[in-house]
Amino acid sequence: MRPLHEPVALLAALGAGISGGVFLAFSVFVMRALADLPPAHGVAAMQRINIRVLTPLFLGPFLGTMPMLALATYLAHRQGDDQAAAWLATSFVVYSVGSVGVTVVGNVPRNDRLAALTAGSEAADAYWPTYVREWVRLNHVRCLAALLASAAAVGALLR
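A brief structural summary. Quick caveat: nothing in here was measured; it's all calculated off a predicted structure. (Residues numbered from 1 in each chain as written. Predicted model: local features only at pLDDT ≥ 70, side-chain atom pairs only at ≥ 80, totals over all residues. Heavy atoms only, no water.)

### A word on the packing of aromatic side chains
Then, number 1: Following the criterion strictly, the structure yields eight aromatic pairs and no others.
Then, number 2: Geometrically, the ring pair formed by Phe23 and Phe62 is edge-to-face, given 5.8 Å between the ring centres and 85 degrees between the ring planes. Of this pair, Phe23 sits in helix α1 (residues 5-36) while Phe62 sits in helix α3 (residues 56-78), and the two are 39 residues apart along the sequence.
Then, number 3: Residue Phe62 is classed as buried on the basis of its relative accessible area, which comes to 5%.
Then, number 4: Seen from their ring centres, Phe26 and Trp135 are 5.8 Å apart, and the 55 degrees between their planes marks the pair as tilted. (Phe/Tyr/Trp six-rings, centres within 6.5 Å; stacked < 30°, edge-to-face > 60°. Helix = DSSP H or I, 4+ residues; strand = E, 2+ residues; numbered from the N terminus. Buried < 20%, exposed > 50% of the residue type's maximum accessible area, 1.4 Å probe, protein only.)

Spelled out as structure tokens, the structure:
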């Protein structure tokens, strides 16, 4: 019989990997394409993306990964698999701080500021290059953290 933490760790690894893949797509080509547009078009497109991203298909893996990692860590520890628990705890911390934390304190405030602007206005046009630069820099951190967290969760399964 497989330890209880293994299927939970696998789901968490997949969730972190999915989130990392979404962040990777934004870092590699989505934001670059939006930055190539005239500011009014880029702002309007990003404002729409920031509304459309709020779905269970994204938020489920993104926000659900953190409690899954916590549960997998707890189960591994309770079952006496300290090596797996260490990998999973590492994954939890990296994901919680680097992906969810950076989103909450970095990307979301920038999204909120962008949402308050009118696409095509002088203020939006002036803020757009700063938004892209800062948002993408933070997104790189989220991407790396999610992928590292996924790898650490897999490490718990491969120990």
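### Thoughts on the environment of Ser91
Then, number 1: Relative to the helices and strands, Ser91 is located in helix α4 (residues 82-115).
Then, number 2: With a relative accessible area of 1%, Ser91 lands in the buried category.
Then, number 3: Sequence separation between Ser91 and Ala156 is 65 residues, and the spatial gap between their C-alpha atoms is 9.2 Å.
Then, number 4: At 2.6 Å, the side chain of Ser91 and the backbone oxygen of Ala149 are in polar contact. (Polar contact = N/O pair within 3.5 Å; in protein donor to acceptor, adjacent residues only side chain to side chain.)

### A closer look at the packing of α1 against helix α5 (residues 122-158)
Then, number 1: Interhelical geometry of α1 versus α5 gives an angle of 155 degrees and a closest axis separation of 8 Å. As summarised for this structure, α1 and α5 are arranged roughly antiparallel, according to the angle between their axes. Our pair here, α1 against α5, has a crossing hand that is left-handed.
Then, number 2: Each residue belonging to the contact of α1 with α5 can be placed in one class, and the counts come to 22 nonpolar, eight polar and two charged. (Axes fitted to C-alpha atoms, helices over the stretch in contact; angles between N-to-C directions. Parallel < 35°, antiparallel > 145°, perpendicular 65-115°, else oblique. Left-handed = near helix turned anticlockwise from the far one by under 90°. Nonpolar A, V, L, I, M, F, W, Y, C, P; charged D, E, K, R; others polar.)

### Some words on the pattern of salt bridges
Then, number 1: For the structure shown, the criterion picks out three salt bridges.
Then, number 2: The closest approach of N and O atoms between Glu134 and Arg110, which form a salt bridge, is 3.0 Å. One end of the pair, Glu134, is in helix α5; the other, Arg110, is in helix α4, with 24 residues separating them in the sequence. (Salt bridge = Lys/Arg side-chain N within 4 Å of Asp/Glu carboxyl O.)

### Quick word on a nonpolar patch on the surface
Then, number 1: A contiguous nonpolar surface patch, about 380 Å² in accessible area, is contributed by Leu10, Leu11, Leu14 and Ile18.
Then, number 2: Within the element layout of this structure, Leu10 appears in helix α1.
Then, number 3: A relative accessible area of 44% means that Leu10 is categorised as partly exposed. (Patch = residues over 30% accessible without salt bridge, like charges linked within 9 Å, V, L, I, M, F, W, Y side chains within 5 Å. Areas by Shrake-Rupley, 256 points an atom, 1.4 Å probe, with all protein chains shown as cover.)

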